[in-house]
Amino acid sequence: MQNLLRNALPIVAAALGRKFGVEVGVGGHDACTDGKRIHIPDVPDDPASRDLAWGYLAHEAAHVRYTDFAVYEQAANEGPLQAMLQNRIEDVRIERELARPYPGTRATIATVLQRMLAEGRMSAPEPSDHPAQVLAAYLLLALRREVLGQRVLTEEAQKATDTLRQVFPTPFVARLRTLMDEVPGLTSTAEAVDLAQRIRRLIEDEADQPSANGSEGTGEPENEDETGQESGADGDQDETASSQEETAGQPEANYEDTGEVGSLDAAE
């Protein structure tokens, strides 16, 4: 009985691949897709892991079905901050679209979130974290809780909100919230990318404001590789902040440093 799930996954994956015209592989620890190939992680040999596997499949299939990868990749080349923002927004958009014809995917994706919470791979930031990490975690948790109604994230989303308000000034938070209110109405990858670009400009404007010590922040790192962020429609799972530099008092904002924990998928 314990081998049934593992034996069934390649069969289901192959059927899904034929339906969407993509190759599907099973193995390793990450879930990802480039629009041509879906890869989902292997799971334990027990029936309780069934929804976990189906949740990964659902999320990646939603990317294949609803993400315009040409538009997505072109915008992701604008930098790691842009890639992170559009990943957060597009993930929410595609899961919302998928739940309309397939409402059962809400439960299977919730199983993935529960596993990530239990393993510490999705959690609220701390006020001492880098501002970019605070922002990235907040967007992940708040959008999923508010737009997708993922109740399992309620506690962490509230913590992330409290931390955001400690780290960022009130006017910035208000403008960010106004832009976030557009997420439920997005109908395409292009619209998700455009919203991400506007949020990025808001962040860059904030980073250019004089900090408490009289210096100006910057939206550009000296070395983009320091971000630990890869482009692609699934580019930020199991990554940790590559820089936690702090000045006395408030951390100075280098908002391109977006490496952190949390998304359902990872770049190949």
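Residues numbered from 1 in each chain as written. Predicted model: local features only at pLDDT ≥ 70, side-chain atom pairs only at ≥ 80, totals over all residues. Heavy atoms only, no water.

Colleague: Which residues make up the overall build of the chain, and what values go with them?
Modeller: In terms of helices and strands, the chain carries 9 helices and 3 strands. Partitioning the contacts of the chain with sequence separation of at least 6, the portion at a separation of at least 24 is 72%. Surface exposure of the chain reaches about 11,900 Å², of which carbon and sulfur atoms provide 48%. (Helix = DSSP H or I, 4+ residues; strand = E, 2+ residues; numbered from the N terminus. Contact = heavy atoms within 4.5 Å. Areas by Shrake-Rupley, 256 points an atom, 1.4 Å probe, with all protein chains shown as cover.)

Colleague: Hey, could you go over the packing of helix α3 (residues 69–76) against helix α9 (residues 189–207) for me, with residue numbers and the actual values?
Modeller: Running from N to C, α3 and α9 point in directions that differ by 15 degrees, and their axes come no closer than 9 Å. Of the possible angle classes, the one that applies to α3 and α9 is roughly parallel. Judged by the sense of rotation from one axis to the other, the crossing of α3 with α9 is right-handed. Mapping the contact onto sequence places Val71, Tyr72 and Ala75 in α3 and Thr189, Ala190, Val193 and Gln197 in α9. Tallied by class, the residues present in the contact of α3 with α9 amount to 5 nonpolar, 2 polar and no charged. (Axes fitted to C-alpha atoms, helices over the stretch in contact; angles between N-to-C directions. Parallel < 35°, antiparallel > 145°, perpendicular 65-115°, else oblique. Left-handed = near helix turned anticlockwise from the far one by under 90°. Nonpolar A, V, L, I, M, F, W, Y, C, P; charged D, E, K, R; others polar.)

Colleague: Pulling in residues and values, what's your account of helix α4 (residues 80–99)?
Modeller: Relative to the 28 Å expected for 20 residues at 1.5 Å per residue, α4 spans 29 Å between its end C-alpha atoms, a close match to the ideal helical length. Of all 20 residues in α4, 19 are buried; the element is thus mostly enclosed. (Expected span 1.5 Å × (residues − 1). Buried < 20%, exposed > 50% of the residue type's maximum accessible area, 1.4 Å probe, protein only.)

Colleague: Account for the packing of helix α6 (residues 131–147) against helix α8 (residues 170–180), with residues named and values stated.
Modeller: Each pair of packed helices gets described by two things: the angle between the helix axes and the distance between those axes. The N-to-C vectors of α6 and α8 enclose an angle of 45 degrees; their axes lie 12 Å apart at closest approach. Taken together, the axis directions place α6 and α8 in an arrangement best described as oblique. As for how α6 packs across α8, the hand of that crossing is right-handed. Across the interface between the two elements, Leu135, Tyr138, Leu139, Ala142, Leu143 and Glu146 of α6 pack against Leu176, Arg177 and Met180 of α8. Residue composition of the contact of α6 with α8, grouped by class: 7 nonpolar, no polar and 2 charged.

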